[in-house]
Amino acid sequence: ADKKESEPTDTIVITSECELRFEVESDEVSLVLVDGQAEIFGTEIPLNKVYKFVAGLSIAVFSWRGCRLKITGNCNSRYISKQTPMVVYLQTHGALQQMRNNAERDDKDGPRILVVGPQDVGKSTLCRLLCNYAVRMKQQPVYVDLDVGQGCIGIPGSIGALVLERQADVEEGFTEQLPIVYHFGYYFPDANWALYNELAKKIADDIEKRSEFCPKARHSGFVVNTCGYVTGDGYKFIKEAVDIFKINCILVIDHERVFNDLQRDIPEDKATSILLPKSGGVIKRNGPCRKRTRESRVKQYFYGFRRPLNPFVFNIGFDEIEIYKIGSLEVSDSLLPINKVSDIKNKLSCVKIDIDNDLIHTVLSLVFGEPPDLLCSTVAGFIVVKDVDMENRQINVLAPAPHPLPHNVCLWSDTKFNDEGSIS
Ligand code: ATP
């Protein structure tokens, strides 16, 4: 059983194949490896480097061979666990690496991995771990994050992909400079499955094109993270995603029924399904906690994380910007005529919206495309409507770069943000 560490102590010894888990309470917690070997979600940490973790984070420091750490600050709960799924996760990585080696030898596709499971089972953490292990083996995997609510690419409401060339930063996660980001506009895929599907196809297409001219990319493969939707339309999407991304390995965390259903529905020669255990360290996040995480991601986008950013605030005329909304969700599915084609058309339609006070605090995605072809255009950046002056026909915006905007076409999103915090 896990051993609870009731006494807070500064120096902690982790024996081999054990993990220190802690949740950062209110202030920062800092951590230094003083002896031995340790990693945080797959990223190796060097000796004597001070890491600082901000409030709300839940961290695990795992050691394969044992180590000694110094830790300062207040933790909500802090204990060493001897029961972790790390050996199984490492074996999974070993099998995936074997697929990469074979792919290189025979010049074919490497592992194309889909990670599925219900909410809060450690999907993102497993993706991060597998990507880190791949990078440590000198691979260049692509990480695709389809988690529109708690994803790590862009801001909440967007999805995207990153080509990974280095391990995740322990404090900040993957910090690659040029992600491909697409606008979805909502925190939940069921707000518009048709659009979600189109975006997945677009990302798959981007990866395919890159693989064509970059053999290293094809052999390294990719890891797709999903939202925690495993029943109904969520399960339907998992099956579609297997086709869209030509997945050859599905990792199911902690859901036997989905694992069995996938074994029944997806032929073994197309994709292998593997059931993996959940780590006991994964924390369950309630609504307010998820909201806080979303807020901090938007805040981080405009104000920076370790290196502070200074966003700009300026006015733009109503004529200098065009705002479009994808899909008209005002009509509930049950009220629509039983005509699937017009339903999907409706969900993928791009409608120009009028500027009014309802836009205050709305986050808009600046996109590269030209109307009406905006559905899968890449996101150039995000701005927030701080205020609307109907009389002078001007809007006041928060933007990462100074006036003028690099593009004048924007997509509306359900995300709201103000400088005192998000209000969505
Ligand atoms: P969602 O359904 O929201 O996408 P998820 O299944 O992707 O969630 P994660 O985001 O990977 O789950 O993990 C949830 C939380 O648990 C995160 O805060 C993560 O840092 C934490 N966590 C994961 N593994 C561990 C561990 N072994 N020890 C401590 N905390 C952990």
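Reading guide: rules and limits
- Residues numbered from 1 in each chain as written.
- Predicted model: local features only at pLDDT ≥ 70, side-chain atom pairs only at ≥ 80, totals over all residues.
- Heavy atoms only, no water.
- Buried < 20%, exposed > 50% of the residue type's maximum accessible area, 1.4 Å probe, protein only.
- Helix = DSSP H or I, 4+ residues; strand = E, 2+ residues; numbered from the N terminus.
- Pairing = 2+ DSSP bridges.
- Axes fitted to C-alpha atoms, helices over the stretch in contact; angles between N-to-C directions.
- Core = buried A, V, L, I, M, F, W, Y, C linked by side-chain atoms within 4.5 Å.
- Contact = heavy atoms within 4.5 Å.
- Right-handed = clockwise from strand over helix to strand, strands pointing away.
- Expected span 1.5 Å × (residues − 1).
- Phe/Tyr/Trp six-rings, centres within 6.5 Å; stacked < 30°, edge-to-face > 60°.
- Lys NZ or Arg CZ within 6 Å of the ring centre and 35° of its normal.
- Near = heavy atom within 4 Å.
- Polar contact = N/O pair within 3.5 Å; in protein donor to acceptor, adjacent residues only side chain to side chain.
- Areas by Shrake-Rupley, 256 points an atom, 1.4 Å probe, with all protein chains shown as cover.

**Things to note about the pairing of strand β24 (residues 409-416)**
Burial analysis of β24 places seven of its eight residues in the buried class, the great majority of the element. Relative to β24, strand β19 (residues 322-326) is paired through three bridges, and the arrangement is parallel. Bridging from a neighbouring strand, Tyr324 pairs with Leu411 of β24. Pairing between strand β21 (residues 362-367) and β24: four bridges, direction antiparallel. Counterpart to Thr362 in the pairing with β24 is Lys416.

**Section: the sheet that holds strand β2 (residues 11-14)**
Strand order in the open sheet formed by four strands is β2-β9-β4-β7, with antiparallel pairing between adjacent strands. With partners counted over all chains shown, the strands left at the sheet margins are β2 and β7 (50-53), one partner each. Taken pair by pair, the neighbouring strands of this sheet meet at an average axis angle of 30°, ignoring direction. Bridge analysis of strand β4 (residues 29-36) against β7 gives four bridges, and the strand direction is antiparallel. By the bridge assignment for β7, Leu31 is matched with Tyr51.

**Comments concerning the nonpolar core**
Counting 103 residues, the largest nonpolar core has Phe245 and Ile321 as its most contacted members. At nine residues, the largest contribution of residues to this core is made by helix α3 (residues 193-213). Beyond its immediate sequence surroundings of up to four residues, Ile321 is in contact with Ile316, Ile355, Leu364, Ile383, Ile395, Leu405, Asn408 and Cys410. Membership of the second largest hydrophobic core comes to 22 residues, among which are Leu31, Ala38, Phe53 and Ile71.

**Points about the sheet that holds strand β15 (residues 222-225)**
In space, the seven strands of this open sheet follow the order β14-β13-β12-β15-β11-β16-β17, with mixed pairing throughout. The two strands at the open ends of the sheet, each matched to only one other strand, are β14 (180-183) and β17 (272-276). For this sheet the average axis-to-axis angle between neighbouring strands, irrespective of direction, equals 15°. Pairing geometry for strand β12 (residues 142-145) and strand β13 (residues 158-163), over four bridges, is antiparallel. Considered in β13, the bridge of Tyr143 is made with Leu162. Sheet strands in contact with helix α1 (residues 86-106) are β11 (112-116), β16 (249-253) and β17, and its direction is about 160° off that of β17. Contacting β11, β12, β13, β14 and β15, α3 runs over the sheet at an angle of about 160° to β14.

**Some points on the pairing of β16**
The buried fraction of β16 amounts to five of the five residues, a majority that puts the element mostly inside the structure. On β16, burial covers both faces: Cys249, Leu251 and Ile253 on one face and Ile250 and Val252 on the other are all buried. In terms of strand pairing, β11 meets β16 through four bridges, oriented parallel. By the bridge assignment for β16, Val115 is matched with Leu251. Note: β16 against β17, five bridges, orientation parallel. Counted as the bridge partner of Ile253 is Leu276 from β17. Between the parallel pair β16 and β17, the chain is carried across by helix α6 (residues 256-265), and the sense of this crossover is right-handed.

**As for α3**
For α3, with 21 residues, the first-to-last C-alpha span of 31 Å sits near the 30 Å given by 1.5 Å per residue. Residues Trp193, Ala194, Leu195, Tyr196, Asn197, Leu199, Ala200, Ile203, Ala204, Asp206, Ile207 and Ser211 constitute the buried set of α3.

**Details of the packing of aromatic side chains**
Each pair of aromatic rings is reported with the distance of its centres and the angle of its planes. This structure, assessed with the given rule, holds 15 aromatic pairs. Residues Tyr301 and Phe382 carry aromatic rings whose centres are separated by 5.2 Å and whose planes lie at 85° to one another, so their mutual orientation is edge-to-face. In this pair, Tyr301 sits in helix α7 (residues 287-303) while Phe382 sits in strand β22 (residues 379-389), placing the two residues 81 residues apart along the sequence. Each member of the aromatic cluster is reached from another via a ring pair, and the members are Phe184, Tyr186, Trp193, Tyr196, Tyr229, Phe237 and Trp412. The ring centre of Tyr187 lies 4.0 Å from the NZ or CZ of Arg294, which sits over that ring. The ring centre of Trp412 lies 4.3 Å from the NZ or CZ of Lys325, which sits over that ring.

**A short note on the site of the ligand**
Not every one of the 21 residues close to the ligand is listed here, only the nearest: Ser58, Lys123, Ser124, Thr125 and Arg285. Val121 places a polar main-chain atom, nitrogen or oxygen, 3.0 Å from an oxygen atom of the ligand. Take Gly281: an N or O atom from its main chain is 3.1 Å from a nitrogen atom of the ligand. Considered on its own, the ligand offers 640 Å² of accessible surface; in the complex 91% of this is hidden by protein. Elements with a minimum of two residues in the shell around the ligand: β3 (18-24), β8 (58-63) and α2 (123-136).

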